[in-house]
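# Structure at a glance
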Amino acid sequence: MDEREREINVGMAELKIAAAPMVLTSLGLGSCVGVTIYDQINKVGGMAHIMLPDINIIRNKLNRAKCVNTAIPDLLQNILEAGGDKRYLKAKLTGGAHMFGFASNNSVFNIGQRNIEKSKEVLRELGVRLVAEDTGGDYGRSLFFDLVTGKLRIRTVAHGEKEI
Amino acid sequence: MKERIVLNERQKDTLKEIGNICAGNAATAFSQLLDRTINMNVPRVHFLPVEQVPDAVGGASQLMVGVVLQVLGDAPGVILLLFPQADARVLADILTGHKSRGKGIFTEMDQSAIKEAGSIVSASYLTTFAHFTRLSLIPSTPGIVIDMAGALMDYILIELAAASAYALLLDSEFVDAKKSVRGHFFLLPNPGSFQAILKTLGESDG
């Protein structure tokens, strides 16, 4: 399979689980966070593209993948059901940028940061180890998570490309 | 908590009609600013799940220049003008009267000129919208972002997503006669503003 055929896109407020040799991608994250959890031994993992920190503060709660404190537990659960072993799971965290500012609008501004903090808190509670992160800044990111290697490639427009 | 979906076809048509007149006036202001004819197409009215907005505006990874203004007053919301990067380059060249060095480089001067153009077009659109709805609507100062469309949109959508699962999107495409400047003008009322707007149009359900 070539690179394109292996890719599975994870849209905004979605989470998906896959196994090697697939590549989970998520394009153009700004203040959203991208959370990946991976089992290196069984080569199974997942990615969530999350918008908001807390489901308790939003009106419509139907889409659990929209918020950190429901998306990450669901992501973990789905990986375990797909054959992942809790002992081998490692998480990576990206996104949470502060895109640009209207001075008057603090609630939105902190959303990126709040998404990052809440993600770390939830991962800690679930006992999933956070092994790498590329967060913050004022720019968007596209993610390519290779389930063969567990490497997460991050592309940006003006801040280069890196792998964590 | 259940959320009622509040927009029917008749309401959509009314919004489209008003949006069309607003966009027409905005196009006139834009044409005068650039000293070339800018046409705006009949707007599309989208009422869709927040998650689908990035696709509706052309794909999350497209490189865009976005000018964002907050709408303050009786029906708060957000205005977003989106230009593909190459079109924003042409726009900046026209506005500043300079020939650029590289297509991807936007100087402070370029950015400020694009923001100003966004401000003028938005003010013109909102003035007309306020006239029809008799709502008081005031644009904030503009901000500019040069990045992927998804990254630009999620920032706007996040606040909306907290209040509603759906977004109302009035989308007007504009293009000059030479087809070298093409872009989209979006008005996204906050969920609390949907009803306020529909009510003033005599289109509210209750």
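The sections below set out a description of the structure shown in this document. (Residues numbered from 1 in each chain as written. Chains lettered and ligands numbered in written order. Predicted model: local features only at pLDDT ≥ 70, side-chain atom pairs only at ≥ 80, totals over all residues. Heavy atoms only, no water.)

## Notes on the overall build of chain A
Along the backbone of chain A there are four helices and ten strands. For chain A, the N- to C-terminal ordering of α and β elements is α-β-β-β-β-β-α-β-α-α-β-β-β-β. For a compact globule of 164 residues, the expected C-alpha radius of gyration is about 15 Å, and chain A comes in at 15 Å, within 12% of that figure. On the principal axes, the C-alpha backbone points of chain A span a range of 50 × 35 × 25 Å. (Helix = DSSP H or I, 4+ residues; strand = E, 2+ residues; numbered from the N terminus. Rg over C-alpha atoms; globule rule 2.2 N^0.38 Å.)

## Structural notes on the interface of chain A and chain B
Between chain A and chain B, the contact holds 32 residues from the first and 32 residues from the second. Regarding the contact of chain A and chain B, the summed buried area is about 2,600 Å², with carbon and sulfur atoms giving 65% of it. Where chain A meets chain B, there are zero salt bridges. Where chain A touches chain B, the interface holds six residue pairs in polar contact (both at pLDDT 80 or more). Listed by contribution, the elements that provide at least two residues to the side of chain A that touches chain B are strand 3 (23–29), helix 3 (106–109), helix 4 (111–126) and strand 8 (141–146) of chain A. (Contact = heavy atoms within 4.5 Å. Buried area = accessible area lost by both parts, 1.4 Å probe. Salt bridge = Lys/Arg side-chain N within 4 Å of Asp/Glu carboxyl O. Polar contact = N/O pair within 3.5 Å; in protein donor to acceptor, adjacent residues only side chain to side chain.)

## Some thoughts on the pattern of salt bridges
All names here are of chain A. Summed over the entire model, instances satisfying the criterion amount to 15 salt bridges over all chains. A salt bridge links Glu161 to Arg153, with the nearest nitrogen and oxygen atoms 3.3 Å apart. Where salt bridges share partners, they join Asp134, Arg141 and Lys162 into one cluster.

## Description of the sheet that holds strand 10 (residues 161–163) of chain A
Residue and element names in this part refer to chain A. Overall, mixed pairing links the five strands, which are arranged 1-3-8-9-10 in an open sheet. At either margin of the open sheet sits one strand with a lone partner, and together these are strand 1 (7–9) and strand 10. Each neighbouring strand pair of the sheet contributes to a mean axis angle of 20°, computed without reference to strand direction. Taken together, the three bridges between strand 1 and strand 3 define a ladder with parallel strand orientation. Along strand 3, the bridge assignment pairs Ile8 with Leu24. (Pairing = 2+ DSSP bridges. Axes fitted to C-alpha atoms, helices over the stretch in contact; angles between N-to-C directions.)

## Regarding the sheet that holds strand 7 (residues 129–135) of chain A
Residue and element names in this part refer to chain A. With mixed pairing, five strands are arranged side by side in an open sheet as 2-5-4-6-7. Two strands in the sheet have a free side with no partner beyond their single neighbour: strand 2 (14–19) and strand 7. Here the average twist between neighbouring strands, direction ignored, is 15°. Direction of pairing for strand 2 relative to strand 5 (residues 44–50): antiparallel, over a ladder of six bridges. Looking at the pairing, Ala18 lines up with Gly45 of strand 5.

## Digging into the packing of aromatic side chains
With the rule as written, the count across this model stands at seven aromatic pairs over all chains. Ring geometry for Phe30 of chain B versus Phe174 of chain B: centroids 5.3 Å apart, planes at 80°, classification edge-to-face. Residue Phe30 of chain B is found in helix 1 (residues 9–34), and its partner Phe174 of chain B is found in strand 7 (residues 166–176); the two are separated by 144 residues along the sequence. The same class applies to Phe30 of chain B as to Phe174 of chain B, namely buried. Ring pairs connect the aromatic residues Phe30, Phe83 and Phe174 of chain B, which therefore count as one cluster. It is Arg155 of chain A that lies over the ring of Phe144 of chain A; its NZ or CZ is 4.3 Å from the centre. (Phe/Tyr/Trp six-rings, centres within 6.5 Å; stacked < 30°, edge-to-face > 60°. Buried < 20%, exposed > 50% of the residue type's maximum accessible area, 1.4 Å probe, protein only. Lys NZ or Arg CZ within 6 Å of the ring centre and 35° of its normal.)

Everything listed is a geometric property; what it means functionally is a separate question.
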